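The chain contents come next:
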Amino acid sequence: MTGERAAWPLWEVFVRSRAGLAHQHVGSLHAVDARMALDNARDVYTRRGEGASLWVVPASAVVASDPADKDSFFGLDEEFRHASYYVVPDGVHGI
Amino acid sequence: MCTQGLDQPRTLAAEDVSARAEHFEARVAAEDKIEPPDWMPDAYRALLIRQIAQHAHSEIVGMLPEGNWLSRAPSLRRKGILLAKVQDEAGHGLYLYSAAETLGVTRDELVDQLLAGTAKYSSIFNYPTLTWADVGAVGWLVDGAAIMNQVPLCRCSYGPYARAMVRICREESFHQRQGFELLTVLAQGTPAQHAMAQDALDRWWWPAVMMFGPPDSESTHNDRSLRWKVKRFTNDELRQKFVDLTVPQAQFLALTVPDPDLAYDGEHWRFGKPDWSEFKRVVKGDGPCNRERLVARRTAHEDGAWVREAAVAHAAKRVLV
Ligand SMILES: [Fe+2]
Ligand SMILES: [Fe+2]
């Protein structure tokens, strides 16, 4: 029973719900090749017209940041990058 | 759901474990979501693997009782609806196997456990669908009970499971409504059709009530599961909610719930004691269809082996050319 599927790679699935929006990650699935991954992604993730376009990407091609490095990797303390950091004086409009 | 490349469990020195465990408990208590690469206690991982796998198996085996009626649905419309419903259940199984895989098990291991008969699935699917009304009763009661169980799981502390449940819950209410609609037609039909609907309720009511698992006084996993925010309500709490919602629906259908002790106390519908010995018997493998279900799964798996082998061979050949 085991074995025959061990070689089926994992694919990450991205769906664009309609033109104008970005593709979003919706899940993953196993498939022998890209064609099967696309067919299965359609059946598993877009049974109710959820998609106008599908991407499948081999999971092994995803390079991820290390969650243990979260603070040093993302931890910029630069509030001045946000508009909300600046005080707009009362009476000033359109800024 | 996360990629496998991201879910390597880390090994830690023993002194680090208690600090990590404390941090983990604090995160869970603060309603933070746990993701595959995060450190988690072995018992949490094991509890999730067991629960998600059982849940996935239930979706897959759950296709069989209704699949039984696909070729005999009374109209093309009903056949299309039932096909879509059964296909959804296959999809639910796949979302859940994916979620389980983020915890470090392979799908093959889980499928092998199901086929070997060592994994559990919801015992409700070991009852037969004898008439067309049973298809309605399954949608209304079995999917109805499943919704009651699954909606709180959308807030489960483990991210991939919670996200899979969000997708599933979006699809489940179609399942329940098509069943209720089907039963409405029968219940308001000829006396023979009404009797068929009543007979289905008579046979499915108690197994549905028992779907929430053993009473809290006997349930072994309730405490930890609640503390770790995998479950949000106890078995008995969910069972009471289900009965409170479902009894008025049965009244609308002019069907009689087969429980002489059923009585409204002004707040809740109080109900009689389910036959827990029957529940235990079915869980242990002695229900009306346990053997049939496993044989059907094994046969499907074996019959599909050549397709899986051909797909792998085809992919290998395309890499070479
Ligand atoms: Fe389902
Ligand atoms: Fe369902």
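Conventions and cut-offs
- Residues numbered from 1 in each chain as written.
- Chains lettered and ligands numbered in written order.
- Predicted model: local features only at pLDDT ≥ 70, side-chain atom pairs only at ≥ 80, totals over all residues.
- Heavy atoms only, no water.
- Helix = DSSP H or I, 4+ residues; strand = E, 2+ residues; numbered from the N terminus.
- Buried < 20%, exposed > 50% of the residue type's maximum accessible area, 1.4 Å probe, protein only.
- Donors = N, O, S within 2.8 Å, 3.2 Å for Na, K, Ca; no water.
- Tetrahedral: all angles 85-135°; square planar, octahedral: opposite > 155°, others 65-115°.
- Phe/Tyr/Trp six-rings, centres within 6.5 Å; stacked < 30°, edge-to-face > 60°.
- Lys NZ or Arg CZ within 6 Å of the ring centre and 35° of its normal.
- Arc of directions from axis to C-beta.
- Patch = residues over 30% accessible without salt bridge, like charges linked within 9 Å, V, L, I, M, F, W, Y side chains within 5 Å.
- Areas by Shrake-Rupley, 256 points an atom, 1.4 Å probe, with all protein chains shown as cover.
- Salt bridge = Lys/Arg side-chain N within 4 Å of Asp/Glu carboxyl O.
- Axes fitted to C-alpha atoms, helices over the stretch in contact; angles between N-to-C directions.
- Parallel < 35°, antiparallel > 145°, perpendicular 65-115°, else oblique.
- Left-handed = near helix turned anticlockwise from the far one by under 90°.
- Contact = heavy atoms within 4.5 Å.
- Nonpolar A, V, L, I, M, F, W, Y, C, P; charged D, E, K, R; others polar.

### Side note on unusual backbone geometry
Residues and elements named next belong to chain B. The backbone of K229 shows a phi angle near 55°, a positive value even though the residue is not glycine. Along the chain, the position of K229 falls in the loop between α9 (222-227) and α10 (235-252). You can call K229 buried: its relative accessible area is 17%. Its identity as a non-glycine residue notwithstanding, A254 has a phi of 55°, on the positive side.

### Points about the coordination of the iron ion (ligand 1)
Residues and elements named next belong to chain B. Bound to the iron ion (ligand 1) on the protein side are E59 (OE), E89 (OE), H92 (ND1) and E172 (OE), at distances that span 2.1 to 2.3 Å. Classification of the site at the iron ion (ligand 1) as irregular follows from its four donor atoms and the range of 81 to 154° in their angles at the metal. Within one chain, the residues serving as donors to the iron ion (ligand 1) are arranged as E-x29-E-x2-H-x79-E. The distance between the iron ion (ligand 1) and the iron ion (ligand 2) comes to 3.2 Å, and E89 binds to both of them. With E59 in helix α2 (residues 42-61) and E172 in helix α7 (residues 159-187), this pair connects stretches of sequence that are 113 residues apart. A residue is classified by how much of its surface remains accessible, and E59, at 7% relative accessible area, is buried.

### Concerning the coordination of the iron ion (ligand 2)
Residues and elements named next belong to chain B. Around the iron ion (ligand 2), the protein contributes the donor atoms E89 (OE), D143 (OD), E172 (OE), E172 (OE) and H175 (ND1), which lie 2.0 to 2.8 Å from the metal centre. When the donor residues of the iron ion (ligand 2) are listed from N- to C-terminus, their spacing reads E-x53-D-x28-E-x2-H. On the basis of relative accessibility, which here comes to 6%, the residue E89 falls in the buried class.

### Things to note about the packing of aromatic side chains
Across all of its chains, the model carries 17 aromatic pairs over all chains by this definition. Both rings, one in F14(A) and one in W55(A), keep their centres 6.3 Å apart while their planes meet at 55°; by these two values the pair is tilted. Here W55(A) lies in strand β3 (residues 53-58) and F14(A) lies in strand β1 (residues 10-16), a separation of 41 residues in the sequence. In this structure W55(A) comes out as partly exposed when scored by relative accessible area, which is 46%. On the numbers, 6.3 Å between centres and 80° between planes, the contact of F24(B) with W228(B) is edge-to-face. You can see F24(B) sitting in helix α1 (residues 14-29) and its partner W228(B) sitting in the loop between α9 and α10, a full 204 residues away along the chain. Here a set of aromatic residues connected by ring pairs shows up, and it is made of F24(B), W39(B), Y44(B) and W228(B). Here the basic side chain of R72(B) rests over the ring of W69(B), its NZ or CZ set 4.1 Å away from the ring centre. Across the ring face of F233(B), the terminal group of K241(B) is positioned such that the distance to the ring centre comes to 4.4 Å.

### Brief notes about helix α11 (residues 276-286) of chain B
Listed as buried for α11(B) are W276(B), F279(B) and V282(B). Taken end-on, α11(B) shows its buried residues confined to a sector of 120°, consistent with a single buried face.

### Some remarks on a nonpolar patch on the surface
Side chains of F80(A), Y85(A) and Y86(A) sit close together on the surface and give an oily, nonpolar patch of about 350 Å² of accessible area. Here Y85(A) lies in the segment after α2 (70-74).

### As for the pattern of salt bridges
For side chains bearing opposite charge, pairing can occur when the charged atoms are close. Enumeration according to the criterion identifies 26 salt bridges over all chains in this entry. When the shortest N-O distance is used, the salt bridge between E171(B) and R48(A) registers 3.3 Å. Residue E171(B) is found in helix α7, and its partner R48(A) is found in the loop between α1 (34-45) and β3; the two belong to separate chains. For the salt bridge of R77(B) with E181(B), the shortest nitrogen-to-oxygen distance reads 3.0 Å. Of this pair, R77(B) sits in helix α4 (residues 76-101) while E181(B) is found in helix α7, placing the two residues 104 residues apart along the sequence. For R77(B), a relative accessible area of 48% puts it in the partly exposed group. For E181(B), a relative accessible area of 32% corresponds to the partly exposed category. Look at the salt bridges and you will find they share partners, linking R47(A), R48(A), D88(B) and E171(B) into a network.

### Here we look at the packing of α4(B) against helix α6 (residues 132-150) of chain B
Residue and element names in this part refer to chain B. With their axes 13 Å apart at the nearest point, α4 and α6 run at an angle of 40° to one another. By the angle class used here, α4 and α6 are oblique. Every pair of crossing elements has a handedness; the one defined by α4 and α6 is left-handed. Judged by residue contacts, R78, L82, K85 and E89 of α4 engage W132, V135 and D143 from α6. Residues belonging to the contact of α4 with α6 are distributed by class as follows: three nonpolar, no polar and four charged.

### Quick word on the environment of A59(A)
Of note, A59(A) is situated in the loop between β3 and α2. Sequence separation between A59(A) and L29(A) is 30 residues; the distance between their C-alpha atoms is 9.4 Å.

### A look at the packing of α2(B) against α7(B)
All names here are of chain B. Where α2 meets α7, the closest approach of the two axes is 13 Å, and the angle between their N-to-C directions is 25°. The angle between α2 and α7 falls in the class roughly parallel. In this structure, α2 meets α7 at a crossing whose hand is left-handed. In this structure, α2 contributes L48, Q51, I52, H55 and E59 to the contact, and α7 contributes Y161, M165, I168 and E172. When grouped by side-chain class, the residues that make up the contact of α2 with α7 number five nonpolar, two polar and two charged.

Just geometry here; none of it tells us what the structure is for.
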